[in-house]
Amino acid sequence: YPVVESVLQDAALQPYVHKCQITVHEGRHTYHYCIFLKWHCRLRANEMLDKFQGDVVIMKIGTQVLSVVNMCTCDTAITNYIVSIAQRVVDSRAIWQSTCL
């Protein structure tokens, strides 16, 4: 069982980890992912994502057995797409983030 809290930074500042599951349908293939993130205006800016303050961890979930499985090469493009969607959500909430004290 993976423990994402050990990978995410600043547990004292933002102890809560958001979690969501995403299913991607690509042609006849179905992929399941679990996304964990910490997002707060006082967290350090993420160097890989513009306007995002926090950390993101994406894990692939098996289709036969609902547990974490290894990612393969095809997952790179899919996870990049998932992060780009998440980035648009963050951009749409930038006004809220700028008002955080």
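Everything numeric in this text was worked out from a predicted model, so none of it was measured. (Residues numbered from 1 in each chain as written. Predicted model: local features only at pLDDT ≥ 70, side-chain atom pairs only at ≥ 80, totals over all residues. Heavy atoms only, no water.)

### A look at the confidence of the model for the protein chain
Okay, step 1: When pLDDT is averaged along the protein chain, the result is 77; 81% of the residues meet or exceed 70.
Okay, step 2: Of all secondary-structure elements in the protein chain, the lowest mean pLDDT belongs to helix α2 (residues 94-98), at 47, while strand β4 (residues 68-69) reaches the highest, 89.
Okay, step 3: This stretch, residues 95-101, has a pLDDT under 50; its non-local contacts, to residues over four places away or in other chains, come to 11 contacts. (pLDDT = per-residue confidence, 0-100. Helix = DSSP H or I, 4+ residues; strand = E, 2+ residues; numbered from the N terminus. Contact = heavy atoms within 4.5 Å.)

### Some points on the pattern of salt bridges
Okay, step 1: Evaluated as defined, the whole model comprises 1 salt bridge.
Okay, step 2: D75 serves as the salt-bridge partner of K60, at 3.2 Å between the closest nitrogen and oxygen. Residue K60 is found in strand β3 (residues 54-61), and its partner D75 is found in helix α1 (residues 74-92); the two are separated by 15 residues along the sequence.
Okay, step 3: For K60, a relative accessible area of 12% gives the class buried. (Salt bridge = Lys/Arg side-chain N within 4 Å of Asp/Glu carboxyl O. Buried < 20%, exposed > 50% of the residue type's maximum accessible area, 1.4 Å probe, protein only.)

### Thoughts on the pairing of strand β1 (residues 18-26)
Okay, step 1: The sheet contact formed by β1 and strand β2 (residues 29-39) spans 9 bridges and is antiparallel. Bridge assignment links K19 to a residue of β2, and that residue is F36.
Okay, step 2: Two successive antiparallel strands, β1 and β2, enclose a turn made up of 2 residues, where G27 displays a positive phi of approximately 65 degrees. (Pairing = 2+ DSSP bridges.)

### Focus: the nonpolar core
Soluble globular proteins tend to bury their nonpolar side chains together.
Okay, step 1: By size, the foremost hydrophobic cluster in this structure holds 11 residues: V24, Y31, Y33, I35, L37, W39, L49, F52, I58, I78 and I82.
Okay, step 2: Of all the elements in the fold, those that place two or more residues in this core are β2 and α1.
Okay, step 3: When residues in this core are grouped by element, the largest group, 5 residues, is from β2.
Okay, step 4: Grouped together as the second largest cluster of nonpolar side chains are 8 residues, L8, C34, M59 and I61 included. (Core = buried A, V, L, I, M, F, W, Y, C linked by side-chain atoms within 4.5 Å.)

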